[in-house]
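Results of the structural survey
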Amino acid sequence: MPIDRDKALRADPSVREIRWTTRDVLLYHLSLGAGAAAATDPEPHLTYEKGLTVLPTFALVAGTGISAGEAPAPGARMPGIDVDLHAVLHAGQGLQVHRPLPASGTATLRSRVAEVWDKGKAALVVLESAATGPDGEPLWTTTTRVWARGEGGFSQDPGPEEHWAAPQRPADTVLTTATAPQQALWYRLNGDLNPLHADPAFARTAGFERPILHGLASYGLVAKALVDGVLDGDVTRLTGLAVRFAGPLVPGESIATSVWRDGPPADDGTERLLLHAACPERDGAPVLTHATATVRS
């Protein structure tokens, strides 16, 4: 049986040690366009090791870049989960940062299957990874949603209804981010060497005219746009970002991110933003949907 929900949820988490260096962080920032306007704004807080700050979304590639050597092979086989890798889609991503990330360091990463929902013709697998620093204190928690086509029918539980809708008013701001034709080639160096993002022939076999940008690259680009355009360049003010991946982006296209403030700040000083990211060059085709960010006021 490809999916045994009870076995997957009962399994002990996998545990591995990860490390990253300043060079990994610099490359990540550059792969998201940091320093693109170096003549007028080199963004030294993202591009220069002296005083370097770390975009929270670096957590998604920590331990897979230059310092890690060969990145671990992707897989969808774990206790209770044995599915066809060709049927797997990265459906969504969430991140919660518990404190500012250091520019270099080590962490212990514990990963588990948090939930498995039966969607009829597919399974939705929710993976959770939690990183703790050498002091034992939490650094970040990620939630990855994996859509496995053809793997439904193992239970009668489709999971809770999830409601999200953009406010019926103009966005408070719209942030437009350009991408470079070679953006995917840069981003691959963070560890994801899938040929879909570099090989035109491979991309055509997957149904695309040419290589597309990584979903996590779009995710990082939107995070950087929020930091630059809403949070005064302060990376520590972005503490959470959750999105659904709705459509591909071709390197050279742009992302327009609509941002709505969702009420006043909470008692703890955090504020919730609603987001919708689309591609203007393709008549507003959605790229990231059902998106929310948590920020410090």
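Quick look at the structure, then. None of these values were measured; they are calculated from a predicted model.

Below, the discussion takes up the side chain of Ser 258. Within the fold, Ser 258 resides in strand E10 (residues 254–261). Judged by relative accessible area, which is 17%, Ser 258 ranks as buried. With sequence-adjacent residues up to four places away left out, Ser 258 is seen in contact with Ala 171, Thr 173, Val 174, Leu 274, Leu 275 and His 276.

Bringing helix H6 (residues 215–229) into the picture now. Residues spaced three or four apart along an α-helix face the same direction, because each turn holds 3.6 residues. For H6, with 15 residues, the first-to-last C-alpha span of 21 Å sits near the 21 Å given by 1.5 Å per residue. Among the 15 residues that make up H6, twelve are buried, leaving the element largely enclosed by the rest of the structure. Regarding H6, the residues found buried are Leu 216, Ala 217, Ser 218, Tyr 219, Gly 220, Leu 221, Val 222, Ala 223, Lys 224, Ala 225, Leu 226 and Val 227.

We now examine the pairing of strand E12 (residues 285–296). Remember that side chains alternate between the two faces of the sheet whenever the strand is regular. Pairing analysis gives six bridges linking strand E9 (residues 238–245) to E12, with the strands arranged antiparallel. Residue pairing in the sheet places Gly 240 in a bridge with Thr 294 of E12. Here strand E11 (residues 270–279) pairs with E12 via nine bridges, running antiparallel. Each bridged residue has a counterpart across the sheet, and for Leu 273 the counterpart in E12 is Ala 293. Connecting E11 to the next strand, E12, in antiparallel fashion are five residues, including Asp 283 with a positive phi near 55°.

Taken in spatial order, the ten strands line up as E1-E5-E6-E7-E4-E9-E12-E11-E10-E8 in an open sheet, and their pairing is antiparallel. Each edge of the open sheet is held by one strand with a lone partner, namely strand E1 (14–20) and strand E8 (173–178). Ignoring which end each strand starts from, the neighbouring axes of this sheet average 20° apart. Examined bridge by bridge, E8 and E10 share six bridges and lie antiparallel to one another. Across the sheet, residue Thr 173 finds its bridge partner in E10, namely Val 259. The sheet strands contacting H6 are strand E4 (88–97), E8, E9, E10, E11 and E12, and the helix crosses E9 at an angle near 140°.

In terms of burial, E10 is a largely internal element, seven of the eight residues being buried. As paired strands, E10 and E11 are joined by six bridges and run antiparallel to one another. The residue of E11 that forms the bridge with Trp 260 is Leu 274.

Right, let's talk about the environment of Gly 105 for a bit. Along the polypeptide, Gly 105 turns up in strand E5 (residues 105–118). Its relative accessible area of 23% is what places Gly 105 among the partly exposed residues. A C-alpha to C-alpha distance of 8.7 Å links Gly 105 and Thr 22, two positions 83 residues apart in sequence. Each residue touching Gly 105, except ones within four places of it in the same chain, is listed here: Ile 18, Arg 19 and Trp 20.

The next point concerns the pattern of salt bridges. A complete count under the given rule lists ten salt bridges for this structure. One salt bridge connects Glu 253 with Arg 282, and the closest N-O pair in it is separated by 3.1 Å. Of this pair, Glu 253 sits in the loop between E9 and E10 while Arg 282 sits in the loop between E11 and E12, and the two are 29 residues apart along the sequence. Given the relative accessible area of 12%, Glu 253 is considered buried. In this structure, the salt-bridge partner of Glu 271 is Arg 261, at a minimum N-O distance of 2.9 Å.

Rules of the game
- Residues numbered from 1 in each chain as written.
- Predicted model: local features only at pLDDT ≥ 70, side-chain atom pairs only at ≥ 80, totals over all residues.
- Heavy atoms only, no water.
- Helix = DSSP H or I, 4+ residues; strand = E, 2+ residues; numbered from the N terminus.
- Buried < 20%, exposed > 50% of the residue type's maximum accessible area, 1.4 Å probe, protein only.
- Contact = heavy atoms within 4.5 Å.
- Expected span 1.5 Å × (residues − 1).
- Pairing = 2+ DSSP bridges.
- Axes fitted to C-alpha atoms, helices over the stretch in contact; angles between N-to-C directions.
- Salt bridge = Lys/Arg side-chain N within 4 Å of Asp/Glu carboxyl O.

Any link to function would need more than the numbers given here.
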